[in-house]
Amino acid sequence: MSAAITTQPILPNSYVIRGGRVIDPGNRLDQSADVAVVDGRIHRIGRELTVDHPSIDATGLLVCPGLIDIHVHFREPGGEHKETIETGCASAAAGGFTTVACMPNTNPAIDSPTVLDLIREKSRRAGLCRVLPIAAATEARRGLKPVDMTALKGRGAVAFSDDGDGIEDDAVMLRALEQVAAVGSVFIQHCEFKSISAGGVVHHGRVAEALGVPGYDPRAESAMLERDIGLVRRTGARYHVAHVSAAESVELVRRAKSDGLPVTAEVCPHHLALTADACLEWGANAKMSPPLRDAADVRACIDGLCDGAIDCIVTDHAPHTVDEKARGMRDAPCGIVGLETALAIVSDTLIQPQRLDWPAVIALFTTAPARVLGIAGGNLGVGQPADIVLVDPSMTWRIDVSRFASKCRNTPFDGWNVTGRPIVTILDGRLTYVAPGVTQRLETAAR
Ligand SMILES: [Zn+2]
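All figures in this text were calculated on a predicted structure; none of them were measured in a lab.

Rules behind the numbers
- Residues numbered from 1 in each chain as written.
- Predicted model: local features only at pLDDT ≥ 70, side-chain atom pairs only at ≥ 80, totals over all residues.
- Heavy atoms only, no water.
- Salt bridge = Lys/Arg side-chain N within 4 Å of Asp/Glu carboxyl O.
- Helix = DSSP H or I, 4+ residues; strand = E, 2+ residues; numbered from the N terminus.
- Buried < 20%, exposed > 50% of the residue type's maximum accessible area, 1.4 Å probe, protein only.
- Donors = N, O, S within 2.8 Å, 3.2 Å for Na, K, Ca; no water.
- Polar contact = N/O pair within 3.5 Å; in protein donor to acceptor, adjacent residues only side chain to side chain.
- Contact = heavy atoms within 4.5 Å.
- Axes fitted to C-alpha atoms, helices over the stretch in contact; angles between N-to-C directions.
- Parallel < 35°, antiparallel > 145°, perpendicular 65-115°, else oblique.
- Left-handed = near helix turned anticlockwise from the far one by under 90°.
- Nonpolar A, V, L, I, M, F, W, Y, C, P; charged D, E, K, R; others polar.
- Phe/Tyr/Trp six-rings, centres within 6.5 Å; stacked < 30°, edge-to-face > 60°.
- Disulfide = S-S within 2.5 Å.
- pLDDT = per-residue confidence, 0-100.
- Pairing = 2+ DSSP bridges.
- Right-handed = clockwise from strand over helix to strand, strands pointing away.
- Expected span 1.5 Å × (residues − 1).

J.: Just give me the short version of the pattern of salt bridges, but keep the residues and values in it.
T.: Tallied over the full model, the rule gives 23 salt bridges. A salt bridge links Lys 82 to Glu 324; the nearest nitrogen and oxygen atoms lie 3.0 Å apart. One end of the pair, Lys 82, is in the loop between strand S6 (67-72) and helix H1 (85-94); the other, Glu 324, is in helix H12 (residues 322-325), and 242 residues separate them in sequence. Given the relative accessible area of 9%, Glu 324 is considered buried. Between Asp 428 and Arg 130 there is a salt bridge, with its nearest N and O atoms 2.7 Å apart. Within this pair, whereas Asp 428 is found in the loop between strand S17 (417-427) and strand S18 (430-434), its partner Arg 130 is found in strand S8 (residues 130-135), the two being separated by 298 residues in sequence. Its relative accessible area of 28% is what places Arg 130 among the partly exposed residues.

The following block contains the structure:
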């Protein structure tokens, strides 16, 4: 079921993307302009550039920095039947992403220089997306002994997390945050006290009862977050909450920020677009951790994005095979693939109902995640690597899992009609993705 990675047309060394609406939140730019790319870097941006280079026709398109997703699961090493770094990167490119940060719940976990080196080498060879590894915060993600963060940061780890398993033990968490503060990195917590979530399969209440499965209490998330905020207060460590799902958590982050604490948060498109009711319709393809919650939680997450309590949007791209998801609600693994649907789902959920506009949404996918991790990129500054996505904001299309570049198909969004699509993705000036039917826009430039 692995999708073949199609070879893309090749762009020349110098070209101009002409006539698009350039949205570059990092440089406060939102205007009709041309973007000249030379030797893989942004060369110039301006109205009707007269440079004599082949051109890409971007009329009617948004020209944006390549998107950044700081929460993906690429499964390699150890889970290559679900996704490899290469197929994950192809999926990222198809979703308009040029940079992703991958979570360490691989097998073995990303807790050693060896695994960090492997990820760097595999992603370099794939050449489709920048892959920044997030290292485990504790050895083998067991929550017992913090890793040597200095060594792993030196080898390329951009943050530390035991994602999938929040660190339960107070003393271990305190030591981990002290190290994060000392090395100047970021701690990312999957907030869940497992004694409170207690094997919950879906959000507690009506849907859990209807399905006859244990309910998942949102206080599993907010209680750990509250404990962690107390430890952040004591250590000053940079702390980022993964995939916020509950109204109470959003409020805790809002208050931590107003107290001046270095706390940030992310939310996933599915927690903005769906409630627990989705589990009744799509079964295990709507089973996530944290679970889809109720309408008040969805509203709180959207409000949090709009007022800045939540910093950025991530996919939590979590490939699982059809067989794994067919084990039924109780036994199927959690998560959905998200890279190839993220922008369209956010467009439908936030832009079409006029909660946010395109520049705000592009910021949530570019400058905001770059700021959370303190990484370069996410803007179209002159001299920056030419990581660019062209988005057709009015293209209506049907999500079709059979066309995914990801190895997996686990999503409740299959068959949805959505508006807005990344149609060309460029990394270091090279094409990494062209949507079906748009190659004519490249004809004067590509060969
Ligand atoms: Zn998680």
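J.: Quick one: what's the story with the coordination of the zinc ion, residue by residue and with numbers?
T.: Bound to the zinc ion on the protein side are Asp 163 (OD), His 190 (ND1) and His 243 (NE2), at distances that span 2.0 to 2.3 Å. In terms of primary sequence, the donors binding the zinc ion are separated according to D-x26-H-x52-H. Placement of the pair is Asp 163 in the loop between strand S9 (159-160) and helix H4 (170-183) and His 190 in the loop between strand S10 (186-189) and helix H5 (194-197), with a sequence separation of 27 residues. With respect to class, Asp 163 is no different from His 190; both count as buried.

J.: Give me the lowdown on the side chain of Asp 311, citing residues and values where you can.
T.: Positionally, Asp 311 belongs in the loop between helix H11 (295-307) and strand S15 (312-313). With relative accessibility at 17%, the residue Asp 311 sits in the buried group. Polar side-chain contacts of Asp 311 include one of 2.6 Å to the side chain of Lys 257. Residues within four places of Asp 311 in sequence aside, it is in contact with Lys 257, Thr 264, Ala 265, Leu 364, Ala 368 and Val 372.

J.: Account for the packing of helix H7 (residues 219-235) against helix H8 (residues 247-258), with residues named and values stated.
T.: Where H7 meets H8, the axes come as close as 9 Å, and the angle between the chain directions of the two elements is 15 degrees. Accordingly, the angle class assigned to the pair H7 and H8 is roughly parallel. Regarding H7 and H8, the two cross each other, and that crossing is left-handed. Residues Arg 219, Glu 221, Ser 222, Leu 225, Glu 226 and Ile 229 of H7 form the contact with H8, whose own contacting residues are Glu 248, Ser 249, Leu 252, Val 253 and Ala 256. Looking at the contact of H7 with H8 residue by residue, the class counts come to five nonpolar, two polar and four charged.

J.: Describe the packing of aromatic side chains, listing the residues and the values that go with them.
T.: Two measures describe an aromatic ring pair: the distance that separates the ring centres and the angle between the ring planes. Applying the stated rule across the entire model yields four aromatic pairs. Between Phe 97 and Phe 365, the aromatic rings sit 6.0 Å apart at their centres with planes inclined by 70 degrees, giving edge-to-face as the arrangement. Taken together, the positions of Phe 97 in strand S7 (residues 97-102) and Phe 365 in the loop between helix H14 (358-364) and helix H15 (367-373) put the pair 268 residues apart, joining distant regions of the chain. Using a relative accessible area of 1% as the deciding quantity, one classes Phe 97 as buried. By relative accessible area, which is 1% here, Phe 365 ends up buried. Taken together, a centroid distance of 5.9 Å and an interplanar angle of 45 degrees make the contact between Trp 282 and Trp 416 tilted. One end of the pair, Trp 282, is in helix H10 (residues 278-282); the other, Trp 416, is in the loop between strand S16 (388-398) and S17, with 134 residues separating them in the sequence. Joined through ring pairs, the aromatic side chains of Trp 282, Phe 413 and Trp 416 make up one cluster.

J.: Tell me what's going on with the packing of H4 against H7, and back it up with residues and numbers.
T.: Contact geometry of H4 with H7 gives a least axis separation of 10 Å together with a crossing angle of 45 degrees. As judged from the angle between their axes, H4 and H7 are oblique. At the point where H4 passes H7, the crossing takes the right-handed sense. Here Asp 170, Met 173, Leu 174, Leu 177, Glu 178 and Ala 181 of H4 come into contact with H7, specifically with Arg 227, Asp 228, Leu 231, Val 232 and Thr 235.

J.: Let's hear about the state of the cysteines: which residues, and what values?
T.: The final tally for this structure, using the stated rule, is zero disulfides. Cysteine Cys 279 remains unbridged, with the sulfur of Cys 334 as its closest cysteine sulfur at 9.9 Å. For Cys 279, a relative accessible area of 4% corresponds to the buried category. Sulfur of Cys 312: no disulfide; nearest cysteine sulfur belongs to Cys 268 and is 9.6 Å away.

J.: Could you give an account of the confidence of the model for the chain, naming the residues involved and the relevant values?
T.: Summary statistics for the chain give a mean pLDDT of 96 and a share of 98% for residues scoring 70 or more. Across residues 1-5, where pLDDT falls below 50, the model places 10 contacts with residues more than four positions away in sequence or in other chains.

J.: Describe the pairing of S6, with residues and values.
T.: Burial of S6 is extensive: six of the six residues sit out of reach of the surface. In this structure, S6 lies alongside S7, joined through four bridges in parallel fashion. Residue pairing across strands places Val 72 opposite Cys 102, the latter belonging to S7. Between the parallel pair S6 and S7, the chain is carried across by H1, and the sense of this crossover is right-handed.

J.: Give me H7: which residues, what numbers.
T.: Here H7 contains 17 residues, and its C-alpha end-to-end distance of 24 Å stays within 8% of the 24 Å for a straight helix at 1.5 Å per residue. In terms of burial, H7 is largely enclosed, as 12 of its 17 residues are buried. Among all positions in H7, only Ala 220, Glu 221, Ser 222, Met 224, Leu 225, Arg 227, Asp 228, Ile 229, Gly 230, Leu 231, Val 232 and Thr 235 are buried. Once H7 ends, the next one or two residues include Gly 236, with phi positive near 75 degrees.

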